Each structure stands twice: as structure tokens, then as C-alpha cells.
Amino acid sequence: MVAFIPAEKALIGLEIWCVENLHLVPVPKSSHGKFFCGSAYIVLHTVSLRSGSFEHDIHYWLGNDAKEVDSALVSDKALELDDALGSHAVQYREVQGEETEKFLSYFKPCIIPIEGTFSSGPENLNSETYQVSLLTCKGDRVVYVKEVPFTRTSLNHNDVFILDTASKIFLFSGCNSSIQGRAKALEVVQYIKENKHGGNCEVAAIDDGKLVGDPDVGEFWSLFGGYAPIPRDSPSATQKEPDLSTVKLFWITTQGKFSESETDNLKKEILSSNKCYMLDSDSEIFVWMGRTTSITERKTAIASVEEFVRSQGRSVSTHLTFLTEGSETASFRSYFDNWPQTVEPKLYEDGRGKVAAMFKQHGYDVKELPEEDCQPYIDCNGTLKVWRVDDNGVLLLPVEEQRKLYSGDCYIVQYVYSSNDREENLFYGWLGCSSTMESKAGAISHMNLIATSIKGNPVVAQITEGREPVQFFFIFQTLIIFKGGKSAQFKLSIADKGIPDETYDETRTALFRVQGKSLDNMQAIQVDLASTSLNSSYCYILKTETSVFTWAGNLSSARDHDLVDRMLDLIHPTWQPILVREGSEPDLFWHALGGKGEYPREKEIDIFIEDPHLFTCALTEGDFKVKEIFNFSQDDLTTEDVVVLDCRSEIYVWIGHHSNIGSKQEAISIGLKFLEMDILVEGLTLEIPIYVVTEGYEPPFFTRFFEWDPSKANMLGNSFERKLAILKGQAQKIEAPLRSAWKAYSIDTNPDSVRSQSVGPNERARSSSPASSILGSSSKSSDYRRFSSPPAITKKLFSGYSSDLVEAANGLSAPSGNKGMQRVHQPQECITYPYERLKVVSSDPVTGIDVTKREAYLSDEEFQETFKMTRGAFYDLPRWRQNKLKMSVHLF
């Protein structure tokens, strides 16, 4: 019997055991991916996270012909393995043919179960005649492969089939199968060719309905005894969305009995650390085991749930997931209201040595842990140009003003840099936290208009003040963010609200927090003039009418002190500063801040960049579908799809050339929708930066998350055509030409004037933007252009925001007195429609509505009847909970 290894000795990657004679024996790596129908297995998958910890997933796989005693053994041993790993793993029951996508992702491109049972002895090579087999392949991301009877009646129009013969492999694609499904099936063909034929066999692709003109077609049908029409498939039943009302929580007693919870609103506090529970959501069943429960209690709970599934006659497709307290998956947490976000202290400046020592225990030879993402991923000596959004137009800022942004305004930033001997464009729409809705909508609309006018596919990003990505700061190198604003919209807004104008000028007393990673990445942020704005982790500059103070927090570093000295040259270069250490402040310092008060004195946590997750996204007539791609690689970026790379602190929306997304505005809308759903229940907000990246134009700060092969990003054709060409050794024939550098010149000036150099104080030399043909080439303040703002675009763009922002986007040219509509959940301003017409699956759908807010168009009576709660109670729920409820009644 195998003695499981402790957590710190677990190997990165896969470890597999199989039951043989009631004992677990290790499966050699050469046999990983081979599963016998008559055996039961345990699979341990271990990854090292960027935080330095390890993540374990345990799967026990049950072949269709496995003995009951073997199945029970792997269930018990999976729990013992979890215990050996510190009870931090997630356990999954996998049934042959109904495996989870996470499990199948370990064995790309597929697993093909083998008849018989596993044997640890020498492999018995069968020299009999090659056995012809017919396989069906299902799935666009992971492939479920199943052998079916070798008869014509096994074929249908919906699936992809592989006919494997001694000399040739045929791929038959049903006319209703997807391009992605056909491409994934080709990966299976490649796998069979290499593993069963030693790479020596022909491959033929057969299209459903093609009867003449290709000798492979005739050969294929002759193997079935000749051609005969394939009968039409009966319409498949629409997959029913899980109904949230059927989710039930049961306490499992120590005797294995079930006691149902009486509450409808599930909260984490219901779960007791000394008990086990079953959460039944129909399609998936979770077993949650409290931290203080014993192994015996956990085995009893798991056995009881497995018996429950059998006795209830539940489908074999019902997945079972076993969780120990503290290892809850996002799927499990999503069924609970307001599951608390857990933030673990990662790393402090003064504690790096201790953490590095912990890493050495895991075999990492490091002196100290590096800071996350403290380096740029693109050339930061490029061209910078900045426009301020003002009065429905944009105003080009002179070079000396580019480093000064105001919280009450919005800006468009264009950065042109060199990459692989060509020029690349990167655009940011920066939204000040005090700016108006009109300015925010205008910034994104104008940014996309400019980007669309640039040849190629520039990367665009929507960012909000306070949530800027590190790449943004590296581009600016030095940046000062002032309070107030200079745009007409901001001035009008504060006048309407009767708010004093606190826009910074040199005569005002002001407090600035200084932050940054180096002299090439430093910022000064104007904060509230109060002692509560101080923090021991930072340095500050306090400018009064008569003097300038620099304040150094006790937890600040020597690097922070250098940044303050450099920032002083920008904010007030002529005055000699008064240096103040925390704890030795003069009375004049506190007087300028309105008196001494309490402020944070603990070291701020440096949160690690989370390990990224990749998702496919589809938005069809308001129905938004998201599915995670596990163990992703560059090959998962299929040209027909739109995917989101979720890095938690920022997301990337990647657009394939053959996707149905027609504009970057639509892509940003999908990004907002994704943030709104918060599918991993990680506390995402709409302020998180959204990058839009187009296939073939991926920037280095995106490709760093993959083992990137540039040649794969320069191929023509759909995903099936690409895979087929590679399989037949013809990839070079469909490779697209590399992009050539393109330089735009101003329509108002000659080319030489565009590239004139400009240098600001404390900044590297920069040149003017080559995209001056869009907004003019001069750097004078008078360079001012207006653009119309298409309402249809901005309505889609801000579909994830509240309706007052949508109204602001649609009414950029409206008179200033237009206040916009009420928020969408205030029905008195809305037209109502019947529920049957508002459903996503309606046979008579309503047109011209905001499809992200379908519930807002219900009458109060139908709203109560549909959601079993009042409108106010519904909108008091967290956003993710609202979305789940809407999905359950087909309104999302």
C-alpha cells in the first residue's frame, strides 16, 4: 500500500496511482493518460502558485467496469491523501465519460479509455491484426472521446467522428458540428497518429454531405459498405439552467443521516467547523468538511453522499466535489451570500528574508523575493501624447503638461513604442474618480474612434484613477495627479451641486502622497488635506503658502526618500524643503493639516499578482455565457472566440480574427460584463483595468502569461484549417505575412514636423506621436478637435454600468441641463413589458431595450412573482447574486 507523501514533498505536475489487487500502485509517467475501463485511479495535480504556496487537486477516476470495492478504496485513499497534504486539496469524483473539464485538461488532447484492467507488470504487446475503431469526439475546449459501434448508424450530423484504420485515419465532420470542435478532433487524430501508428499513416478529412470529387470520400464510405444518407437528428433538448430555488444544504450527522437546513439565504456563518455538510445544486453536489472534523467523520460523510446519489437515481453526469474548510472553490462560494474575501498577508519589505527562507524549504534558491511586476514589459522610450476630454471634444496637452492629470477630468493617452522592428500603438482611457459621467463616456468613445483610425489593431484599455496598471505608470515615468479639474463639464458639475472648486493651483495648501518603484516609475497623488491621509508606509510633500515640508513615514524606505526629492523638483523646485520624520513634526505641520489625528501606522500589504485564469465568453442577444479554460496555453486562443484573461488586478479581452465581435467597444462591454459577473467570486469591481487585445497584435505584457510562439499568431484560416495544415505539414502555406511598421503623418503638417523631439524636465527624451493625423500634430493647447459620439456604440459600451452613465454616453451633445434618466431599478421611469417577452429564450422578444437590465422592464407584480421578493430587496443583493437569480429565470 502506498504511503502518501507530505505536502512539502509533493511533486509539481501529475502523480497517478491505480488499484491493483486491492493495493494502490504508482502509474509510471510513460502510462499517464492511459486509463483502463476496469480500474480505479487516483490523480494528484500540484501547481506552484505565484504567491509561493502550492495548490493541490485530487481526482479519483472510476472506470465503467471498475469493481465496487476498488471504487470504495480510491474514495477512501483520496481523503487520506488530502489529509497528508494538510487538508488543503479539493477532491473530485470522476466517472468515465462524464469527467470534469479540469480533469481532462491534464491529458491533452484527450483520454481514450482502454478495455481491460491496469497491470503494473510488463506491457503485453498484441501482434494481432490492427483493430479498426470508430470514435466520437465532443467538445470545443476539451474533448470527450468515446468508442462507438463501427456501423453507419453511429454517425450523425452534430458530432465529429474519427475512423481509425491500419493505414489511414479519417476525420468525419457532421454538418452541424462547430469549427472549434473539428479543430479539437484534429488534435485527437494527431495523438492517434503518433501513439498508435508511430507517426506513419495518412490522414483524410471528410465533410458531411460531400459525395464526389475526392477519392478519400469514396474510400471512407466503402468501409461502411457504401454510402447511405444519415438520418436527420431529432432536436436536442435545450439544456436547462440550474434553478437556484432547488439548491439545498444538508447537515450530515456522524451516523451519515441528512438534516436539511431551513434557511433560504445561505451564509458562510451557517457552516460549523465541527460538522460536515452537503450542498445539492442538482448538476453538482458539494461535500463541505469542517476543519476540526475527524477523518472517520469525513469518510462517513463522503460514503453517505455517494450512497445518496445512487439511491436517488441521479445521473452519472452529477459531479461530486469534496472540500475542506478553507479550500472552497469559486463555484461553491457562489451559492452563498457575501462570502467574505480572504486576503492573506503576502510580503512585507522588512520580512522578505523570512519568506525567502520558507521558499528555500521548497527547493527555491533565492536570497529574497522580488517585487511583483516591478519591471516594464515594453520599451518605455517611445512617444507619448495626452488629450483631455473637454466639452464633447478633446484637447491636446502640451508636453510640459502631459505629466499632470486632474481627478475631475478624463484623458486619452496614446503611446507608440517599438516592438520587433515595428511600431505598436497602446491607448488608455483614464477616468478621473471625480469626473462626470459625460466625460467618462466621451473618453472611451473618443479613444476608440482614434484607435479605429490607426492602421493595424492597437491595444486599448479603460482604466480608472486609483486602479492604474503598473504599465501605465512606466509609460509616464513621472506622474502627478491633482485634485479638481479643468474641463468645462467638471466646472459645470460642481457649480450645479454647489461644491467649492478645489482645483490645485500654486497658491493653495496641498498634501501629496509620493509612491513608486523607481525614478522611472514614480507618482505624486494629491490627497485630502488632513492628518488622516498620512500613512507610515509612505512619504509625503506638504506645500503651504509659506513653506514646503517633506514627511517620511517610519516604515518608508530609502527608495521612497529618493522619490520625494525628485518629486519636489516638479511640484515646487524653488523652495528649500523642511525635512520631517514621523514622530518629530513641528506644530506648524499639524496646523496646516487642520490638527493632529490618527492615521494608519501598520505596514501596507504588498499583494501578489494572482495566478491568471482564462475564460471563453459569448454574448448572444443578451445571454452572456462564461466558461473557464483550465491549464490553458496559447493554443486555447482560438480564432473564432473571445476570451478573457483574468489577472484579478486587471483583465484582458482577447478578440480572435474570426470572432463575431465587430469593434473594441463591444469588447470593452464584454469586459465590463465579465467584471460584473465576478465568476470567481473574488471581489471584482467595474473599476478594474480592461485591456482589449486583437489576435496577431498581442503585446508583451499579455504574452508573458503564455509560452508564446509568434508564428502561431500569424496564421491564416479558421482554427480547423490551421490545425489541418499543421497536421499535413503545410503550415508554412497559410502563415500570414508579418506586420510591417506603419507611420502616420499629420494631414496638417509635413512629416518632418511630426517627429520633432521634445524633452521635459526629469524625463527621458520623447518624440511627438506619429498618429497626429487623427487629432493634429501640434503640441499647443489650441489643438482642439470635436468628434460626434455614436449613441449605439456608447450604449453597448456602458451596458455594464448604471443607466445614468449610459444616458451620459448617449447624450454627449445634449444640453447641459439634461440630468439623465433615473437608475434602471426605479421602475416609475421605465416602460414595462410582459415576462414572456423579456425572457432570453422568448419566441416574441422585445427589441430596443437594455438587455443587461431585462428585469427592470417587469411590472411590480410580475417582478414579485418572478423573483419572490420586492424590487428593493432584489437590488440590495450583491451583484453576483442578482445575476444568478436572473439567470435562473432566463433574464440574464
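Every value quoted in this text rests on a predicted model; they were computed, and no experiment measured them. (Residues numbered from 1 in each chain as written. Predicted model: local features only at pLDDT ≥ 70, side-chain atom pairs only at ≥ 80, totals over all residues. Heavy atoms only, no water.)

## Looking at the overall build of the protein chain
Phase 1: Scanning the protein chain from N- to C-terminus turns up 23 helices and 35 strands.
Phase 2: Restricting to contacts in the protein chain with at least 6 residues of sequence separation, those with at least 24 account for 66%.
Phase 3: Entry remark: accessible area of the protein chain is about 40,400 Å², with carbon and sulfur atoms responsible for 50%. (Helix = DSSP H or I, 4+ residues; strand = E, 2+ residues; numbered from the N terminus. Contact = heavy atoms within 4.5 Å. Areas by Shrake-Rupley, 256 points an atom, 1.4 Å probe, with all protein chains shown as cover.)

## Looking at unusual backbone geometry
Phase 1: Put simply, Lys 108 and Pro 109 share a cis peptide bond, and its omega is 10°.
Phase 2: With a phi close to 65°, Gln 477 is a non-glycine residue in the positive phi region.
Phase 3: With respect to the element layout, Gln 477 can be found in the loop between helix H9 (470-476) and strand S22 (478-482).
Phase 4: Using a relative accessible area of 3% as the deciding quantity, one classes Gln 477 as buried. (Buried < 20%, exposed > 50% of the residue type's maximum accessible area, 1.4 Å probe, protein only.)

## What about the sheet that holds strand S26 (residues 548-552)?
Phase 1: Across the sheet, seven strands lie side by side as S18-S22-S24-S23-S25-S26-S27; this open sheet has mixed pairing. Looking at which strands have only one partner, the edges of the open sheet turn out to be strand S18 (404-406) and strand S27 (578-581). Each adjacent strand pair in this sheet contributes to an overall mean axis angle of 20°, direction not counted.
Phase 2: Judged from the four bridges that link them, S26 and S27 form a sheet pairing that is parallel. For Ala 552, the partnering residue across the bridge sits in S27 and is Arg 581.
Phase 3: Lying over the sheet, helix H11 (residues 558-571) contacts S22, strand S23 (510-518), strand S24 (521-527), strand S25 (539-543), S26 and S27, oriented at roughly 125° with respect to S23. (Pairing = 2+ DSSP bridges. Axes fitted to C-alpha atoms, helices over the stretch in contact; angles between N-to-C directions.)

## Quick word on the packing of aromatic side chains
Phase 1: For the structure on display, the rule yields 57 aromatic pairs.
Phase 2: Ring centres 4.8 Å apart and planes at 40° place the aromatic pair Phe 863 and Phe 867 in the tilted group. Separated by four residues within a single helix, Phe 863 and Phe 867 lie in helix H21 (residues 860-867), roughly one turn from each other. Of the two residues, Phe 863 and Phe 867, neither departs from the other in class, the shared state being buried.
Phase 3: A network of ring pairs unites the aromatic residues Tyr 428, Phe 472, Phe 473, Phe 476, Phe 632, Tyr 652, Tyr 691, Phe 701, Phe 702, Phe 705, Phe 706 and Trp 708 as a single cluster.
Phase 4: In this structure, Lys 268 packs its charged tip against the face of Trp 339, placed 5.5 Å from the ring centre. (Phe/Tyr/Trp six-rings, centres within 6.5 Å; stacked < 30°, edge-to-face > 60°. Lys NZ or Arg CZ within 6 Å of the ring centre and 35° of its normal.)

## Some details on the sheet that holds strand S12 (residues 258-260)
Phase 1: Spatially, 10 strands are ordered S2-S1-S3-S4-S5-S15-S14-S13-S11-S12 in an open sheet, and the strand pairing comes out mixed. Each having just a single partner strand, strand S2 (23-26) and S12 make up the two edges of the open sheet. Averaged over all pairs of adjacent strands, the angle between their axes in this sheet comes to 25°, without regard to strand direction.
Phase 2: Of the pairings in the sheet, the one linking strand S13 (residues 276-280) to strand S14 (residues 284-289) comprises five bridges and is antiparallel in character. By the bridge assignment for S14, Tyr 277 is matched with Trp 288.

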